[in-house]
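For reference, the chains in residue letters:
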Amino acid sequence: MSISQIVVNSRMAAYGDMAVAGIGVAMKVTMMTGMVCIGFGQGVQPLLGYCEGAKLWERLKKVMKFSLIFSFALSSVMTILCYLFTNQIVRVFLTDPEAFQYGVRFSRVLLTTSFLFGIFYVLSNALQAMGAATEALIINLSRQGLIYIPALFILEAMLGVTGLVWAQPVADLLSTALVAILYIRTMRRKDGE
């Protein structure tokens with residue numbers, strides 16, 4: 001995550017200080033949803049680990065179903081709230097009109113996929129709870145690294161500053177698809193045991 005922040009800030013610097021300030025605040029806005037979802041995902045992980053260790057597959061499936069529905073609803077509500085109050089949240093951090101405009105614009109782009117955070121974090125924590133260390137490592141490196149960093153360069157080359165901002169939603173979509181595939185594959189392997 002630190003490396004990706006260095007990369008995005010260095011790329012964004014080419015568009016001026018106000019753009020850098022705007023993307024920094026936009027990331028904080030989406031972090032409001034992200035942190036709540038990370039907390040929920042980490043909170044459910046011990047229960048999933050217990051179910052996996054005791055081989056209580058039906059209970060694990062019930063916990064996962066509830067967790068996915070609840071976390072999706074939670075991240076959707078948080079996303080809607082952040083979207084509705086984007087101006088007010090950004091205004092807390094930025095007073096310069098140009099930086100404020102960047103912050104609002106960038107926040108709205110980043111919020112396009114933050115409703116997926118609940119699903120992403122529950123599934124990635126489920127992989128860890130089930131002992132799928134390789135899959136969990138791949139997921140943890142993908143969203144902010146293996147997918148995000150190349151997306152920054154590709155989308156910037158295509159769309160300029162707009163591409164830099166859209167790189168995170170693209171990485172979110174691809175990472176969520178990847179974690180879903182790895183989770184399904186891991187569950188099928190567990191069912192075969």
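Please read these numbers as outputs of a predicted model, since none were measured by experiment.

(A) Summary view of the overall build of the protein. Within the protein, the secondary structure is distributed over nine helices and zero strands. Reading the protein from its N end, one meets helices and strands in the order α-α-α-α-α-α-α-α-α. For 193 residues, the compact-globule formula gives about 16 Å, and the C-alpha radius of gyration of the protein, at 18 Å, lands near that figure. Principal-axis analysis of the C-alpha atoms places the extent of the protein at approximately 55 × 30 × 20 Å. Looking at the protein as a whole, 48% of its 193 residues qualify as buried. Relative to all contacts within the protein whose residues are 6 or more apart in sequence, the contacts with residues 24 or more apart total 77%. Carbon together with sulfur atoms contributes 69% to the accessible area of the protein, which is approximately 9500 Å² in total. In the protein, which carries 15 positive and 10 negative side-chain charges, the distance between the mean positions of the two groups comes to 7 Å.

(B) Layout of the packing of helix α6 (residues 117–129) against helix α9 (residues 161–191). In the contact formed by α6 and α9, the axes pass within 9 Å of each other and the chain directions differ by 40°. Every pair of crossing elements has a handedness; the one defined by α6 and α9 is left-handed. Contact residues: Phe-117, Ile-119, Phe-120, Leu-123, Ser-124, Ala-126 and Leu-127 in α6; Asp-172, Ser-175, Thr-176, Val-179, Ala-180, Leu-182, Tyr-183 and Thr-186 in α9.

(C) Layout of the environment of Ile-119. Note that Ile-119 resides in helix α6. Residues Ile-119 and Thr-30 lie 89 residues apart in sequence; the distance between their C-alpha atoms is 15 Å. Discounting chain neighbours no more than four positions away, the residues touching Ile-119 are Leu-68, Ser-71, Phe-72 and Thr-176.

About the criteria used
- Residues numbered from 1 in each chain as written.
- Predicted model: local features only at pLDDT ≥ 70, side-chain atom pairs only at ≥ 80, totals over all residues.
- Heavy atoms only, no water.
- Helix = DSSP H or I, 4+ residues; strand = E, 2+ residues; numbered from the N terminus.
- Rg over C-alpha atoms; globule rule 2.2 N^0.38 Å.
- Buried < 20%, exposed > 50% of the residue type's maximum accessible area, 1.4 Å probe, protein only.
- Contact = heavy atoms within 4.5 Å.
- Areas by Shrake-Rupley, 256 points an atom, 1.4 Å probe, with all protein chains shown as cover.
- Lys, Arg positive; Asp, Glu negative; His and termini not counted.
- Charge placed at Lys NZ, Arg CZ, Asp CG, Glu CD.
- Axes fitted to C-alpha atoms, helices over the stretch in contact; angles between N-to-C directions.
- Left-handed = near helix turned anticlockwise from the far one by under 90°.

Purely geometric stuff here, so don't read any function into it on its own.
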